[in-house]
Amino acid sequence: MFTNWFAEEGGPLEPPAGRVFHEYPHPNNWKELVNELFSRFGSDGVEIPLELCPCGKRKATIRRFLIARKYKIDDAEKMLRDTIKWRQSVTIGGVTGVRNIILSKPRWDLLSMNRKIIPATPFLCYTKQGFPVYSLRLGKGDGSLATAAPDECHIYCSIVRGEHLVNKIFPEAQKLHETKLSRRGPTSSLDQTSALTRHENEPYTDADLDVIDKQVVIVDLDGISMSALRCLYVFKLINSVASCNYPELSKAIYVLNSPTVFDYIWSAIKPLLAAHTRNKVRIFQMGPEQYGALQEILEDDDIPDYLTPQVDEENVKGRVGCVPDADEPDFRPEGVRDLDAWLENSSEALDKTCPFP
């Protein structure tokens, strides 16, 4: 079971031939549904905050919310309006509203705590298909600290991560995508490098929809145990923030070095995920099949060293120093430093300077 795509009973387990990633089965009238929902948010969708939209593309954001609600237009409208309200009302440390939270003094204390719980790098590299990569080492985190940390730690860090992804990582990925597209000519298409599913390999020219607004997530479980079930509440909290307010931002989720106990952990986590999200998950145990799957999407030099087969007495292969290390709290990989710099630059507080080495 470990090398299959998870799917609902009766659904396809594998992506279509020639494709690396699972794609949502869009209805034939999806463009009309996007335009209809778009029209419900004022002239040119003005009621949708641009900060919520990767690369400022409101129609692409509409489409993500439609997918999250299986193209049920009224449900998608309610979800988007609830998200807009949440962005105005969420409060961290007495600061209310997502925009004000980002503009206020960064909560470096909460970020430091979060990195001990979930060692991760917001941006590792780009896949061969052009998607940014988010890398986590859940088996190396401090599970006891996870349950002791206040809720606002998990909510704040989810907000910072989501805003950085939408307003920094995706725009940079989009620039790279557009540069490659211009080199290939105006009628070319880059297979699977945009959020849009192109039918029959036809190029799509609607600039409002052709946007990089998805990432590939790599989750290393080496070292994880049944004690991870103690963190189920934390996962529920983080997932509720992400799935309700930053939906459909993942292209695929690779779960690697899966131990046998993960069967039990997965049975607890799976019901919390939307069906389409579950279909994006690939689970591997260590071995050549796992490494081969990574080689489908990453250059060898971009695959983390701890996921790369090593040979004794030879130089280390793969990318070294990819994620924070609980044993080295002062170490910040490049992707983490970039997030900290973005947060510091976004803040309007006088005492906003990042305290980390």
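Just so we're clear, the structure is a prediction, and the values are computed from it rather than from any experiment.

1. Details of the overall build of the protein chain
Helices and strands together make up the secondary structure of the protein chain, namely 12 helices and 7 strands. Within the protein chain, the fraction of its 357 residues that count as buried is 51%. Intrachain contacts of the protein chain at a sequence separation of at least 6 include 73% that bridge at least 24 residues.

2. What about the pattern of salt bridges?
Side chains carrying opposite charge are able to pair once their charged atoms draw close together. One pass over the structure, following the stated rule, counts 23 salt bridges. Glutamate 51 is paired through a salt bridge with arginine 99; the nearest N and O atoms lie 3.5 Å apart. Of the two residues, glutamate 51 is situated in the loop between helix 1 (30-39) and helix 2 (58-68) and arginine 99 in helix 4 (residues 98-103); the sequence distance between them amounts to 48 residues. Of the residues examined, glutamate 51 reaches a relative accessible area of 33% and is grouped as partly exposed. We classify arginine 99 as exposed; its relative accessible area is 52%.

3. Here we look at the environment of glutamate 334
Within the element layout of this structure, glutamate 334 appears in helix 12 (residues 334-346). Measuring from C-alpha to C-alpha, the distance between glutamate 334 and cysteine 322 comes to 8.0 Å, with 12 residues separating the pair along the chain.

4. A look at the pairing of strand 5 (residues 215-220)
Across the 6 residues that make up strand 5, a large majority, 6, are buried. Of the two faces of strand 5, both are covered, the one formed by Gln215, Val217 and Val219 as well as the one formed by Val216, Ile218 and Asp220. Here strand 4 (residues 133-137) runs beside strand 5; their pairing, made up of 5 bridges, is parallel. By the bridge assignment, tyrosine 134 is partnered in strand 5 with valine 217. Two strands pair when backbone bridges link them, and strand 5 and strand 6 (residues 250-256) are joined in this way by 6 bridges, in the parallel orientation. What sits directly across from valine 216, in strand 6, is alanine 252. A crossover connection joins strand 5 to the parallel strand 6 through helix 8 (residues 232-245); in handedness this β-α-β unit is right-handed.

5. What about the packing of helix 3 (residues 73-89) against helix 8?
For the pair helix 3 and helix 8, interaxial distance at closest approach is 9 Å and the crossing angle is 120°. It follows from the interaxial angle that helix 3 and helix 8 lie oblique. Of helix 8, the residues touching helix 3 (which contributes Met79, Thr83 and Trp86) are Val241, Ser243, Cys244 and Asn245. Looking at the contact of helix 3 with helix 8 residue by residue, the class counts come to 4 nonpolar, 3 polar and no charged.

6. Considerations on the sheet that holds strand 7 (residues 281-283)
Two pairing modes exist for strands in a sheet, parallel and antiparallel, and in both the strands are linked by backbone hydrogen bonds. Read across the open sheet, the 5 strands follow the order 3-4-5-6-7; overall the sheet is mixed. A strand with exactly one partner marks an edge of an open sheet, and here the two such strands are strand 3 (120-121) and strand 7. Sheet topology places strand 3 next to strand 4; 2 bridges connect them, and they run antiparallel. When the bridges of strand 4 are listed, threonine 121 appears paired with serine 135. Where helix 11 (residues 288-297) meets the sheet, its contacts fall on strand 5, strand 6 and strand 7, and the angle it forms with strand 6 comes to roughly 155°.

7. Quick word on a negative patch on the surface
Side chains of Asp325, Asp327, Glu328 and Asp330 sit close together on the surface and give a patch of like negative charge. Locating aspartate 330 in the fold gives a position in the loop between helix 11 and helix 12.

8. Re the side chain of threonine 121
Along the polypeptide, threonine 121 turns up in strand 3. Given a relative accessible area of 1%, threonine 121 falls into the buried group. Not counting the four nearest positions on each side in its chain, threonine 121 is found in contact with Val133, Tyr134, Ser135, Cys322, Val323, Pro324, Pro333, Gly335 and Val336.

9. A word on the packing of aromatic side chains
Under the counting rule described, the total for this entry stands at 7 aromatic pairs. For the pair tyrosine 254 and phenylalanine 284, a centre-to-centre distance of 6.4 Å together with 10° between the ring planes defines the contact as stacked. With tyrosine 254 in strand 6 and phenylalanine 284 in the loop between strand 7 and helix 11, this pair connects stretches of sequence that are 30 residues apart. Judged on exposure class, the residue tyrosine 254 and its partner phenylalanine 284 are both buried. The residue whose ring lies beneath arginine 137 is tyrosine 306, and the NZ or CZ to ring-centre distance is 3.6 Å. In this arrangement the basic side chain of arginine 161 is found over the ring face of tyrosine 134, its NZ or CZ atom lying 3.8 Å from the centre.

Here is what the cut-offs are and how they apply
- Residue numbering note: each chain is counted from 1, following its sequence as written.
- Where totals are concerned, whole chains, interfaces and linings use all residues; where local detail is concerned, this predicted model gives features only for residues with pLDDT of at least 70, and gives and counts side-chain atom pairs only at 80 or more.
- Side-chain numbers here rest on the full set of heavy atoms in the structure, without hydrogens or water.
- Secondary structure counts use DSSP, requiring at least four H or I residues in a row for a helix and at least two E residues in a row for a strand, with both numbered from the N terminus.
- Working definition: with a 1.4 Å probe on protein chains only, accessible area under 20% of the residue-type maximum means buried, over 50% means exposed, and in between means partly exposed.
- By definition, residues are in contact when any of their heavy atoms lie within 4.5 Å.
- For this analysis, a salt bridge means a side-chain nitrogen from Lys or Arg found within 4 Å of a carboxyl oxygen belonging to Asp or Glu.
- When DSSP finds at least two bridges between two strands, those strands are taken to pair.
- A clockwise course of the path from the first strand over the helix to the second, judged with the strands pointing away from the viewer, identifies a crossover as right-handed.
- The convention used is that axes are lines fitted to C-alpha atoms, helices contributing only their stretch in contact, and that angles between N-to-C directions extend from 0 to 180 degrees.
- These descriptions rest on fixed angle ranges, namely under 35 degrees for roughly parallel, over 145 for roughly antiparallel, 65 to 115 for roughly perpendicular, and the rest for oblique.
- Just so you know the grouping, Ala, Val, Leu, Ile, Met, Phe, Trp, Tyr, Cys and Pro go in nonpolar, Asp, Glu, Lys and Arg go in charged, and all remaining residues, Gly too, go in polar.
- Patch membership requires over 30% relative accessible area and the absence of a salt bridge. Like charges are linked within 9 Å, and nonpolar side chains (Val, Leu, Ile, Met, Phe, Trp, Tyr) within 5 Å.
- Where accessible areas are quoted, they stem from the Shrake-Rupley method and a 1.4 Å probe; at the residue level, only the protein chains shown are allowed to cover.
- For this count, His and the chain ends are skipped, Lys and Arg are scored as positive, and Asp and Glu as negative.
- Lys charges are placed at NZ, Arg charges at CZ, Asp charges at CG and Glu charges at CD.
- The aromatic pairing rule takes the rings of Phe, Tyr and Trp, using the six-membered ring of Trp, and pairs them if the centres are within 6.5 Å, calling planes under 30 degrees apart stacked, those over 60 edge-to-face and the rest tilted.
- We count a charge as sitting over a ring when the NZ of a lysine or the CZ of an arginine lies within 6 Å of the ring centre and within 35 degrees of the ring normal.

Treat this as a map of the structure, not an account of what it does.
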